[in-house]
Amino acid sequence: SGAARGRPSLRAQVRQPMASDINSVIEVVTRVGGIAEVGPDQDIFEAGVSSVNALELLLELESAFGVSIPDEDFVSARTPRAMHELVSRLGGEGA
């Protein structure tokens, strides 16, 4: 009977850029990368993110934080902390 409750549309939530903080970056990395967890200073590829997921991760980070990330910057940002710093430097939401 919880179905009668009105909830915000998931689609509306996804399209809104979120605040750039380390935990939100970690959430995107684990969700898109298909991994259970990753530490802020852990190499995402060593944690299990595949190169196949890397492009999807780049696109999701851009969408989630409202930034355009140059490929050369993305490939050198191999940890969630480095990704967070990159998004913040590029002027991502909440940076």
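All of the points below concern the structure found in this document. (Residues numbered from 1 in each chain as written. Predicted model: local features only at pLDDT ≥ 70, side-chain atom pairs only at ≥ 80, totals over all residues. Heavy atoms only, no water.)

It is possible for side chains of opposite charge to pair when their charged atoms get near one another. Inspection of the entire model under this criterion finds five salt bridges. The shortest N-O distance in the salt bridge between Asp41 and Arg81 comes to 2.6 Å. Taken together, the residues span a long stretch of sequence, with Asp41 in the loop between helix H2 (22–33) and helix H3 (51–65) and Arg81 in helix H5 (residues 80–89) at a distance of 40 residues. On the accessibility criterion, Asp41 (54% relative accessible area) is exposed. Among the charged side chains, a network of salt bridges with common partners joins Glu27, Arg31 and Glu60. (Salt bridge = Lys/Arg side-chain N within 4 Å of Asp/Glu carboxyl O. Helix = DSSP H or I, 4+ residues; strand = E, 2+ residues; numbered from the N terminus. Buried < 20%, exposed > 50% of the residue type's maximum accessible area, 1.4 Å probe, protein only.)

The next thing to look at is the side chain of Thr79. Tracing the backbone through its elements, the reader meets Thr79 in the loop between helix H4 (71–76) and H5. A relative accessible area of 17% means that Thr79 is categorised as buried. When near neighbours in sequence (up to four residues on either side) are disregarded, Thr79 contacts Pro40, Asp41, Gln42, Asp43 and Ile44. (Contact = heavy atoms within 4.5 Å.)

Relative to each other, H2 and H3 sit at 145°, their axes nearing to 9 Å. As for the relative orientation of H2 and H3, their crossing is right-handed in sense. Taken together, the residues of H3 that come into contact with H2 (itself represented by Ser24, Val25, Val28, Val29, Arg31, Val32 and Gly33) are Asn53, Glu56, Leu57, Glu60, Leu61, Ala64 and Phe65. The class makeup of the residues in the contact of H2 with H3 is eight nonpolar, three polar and three charged. (Axes fitted to C-alpha atoms, helices over the stretch in contact; angles between N-to-C directions. Left-handed = near helix turned anticlockwise from the far one by under 90°. Nonpolar A, V, L, I, M, F, W, Y, C, P; charged D, E, K, R; others polar.)

Let us now look at the packing of H2 against H5. Where H2 meets H5, the axes come as close as 9 Å, and the angle between the chain directions of the two elements is 115°. Where H2 crosses over H5, the handedness of that crossing is right-handed. Facing H2, whose interface residues are Ile22, Val25, Ile26 and Val29, H5 presents Pro80, Arg81, Met83 and His84. The residue inventory of the contact of H2 with H5, partitioned by class, reads six nonpolar, one polar and one charged.

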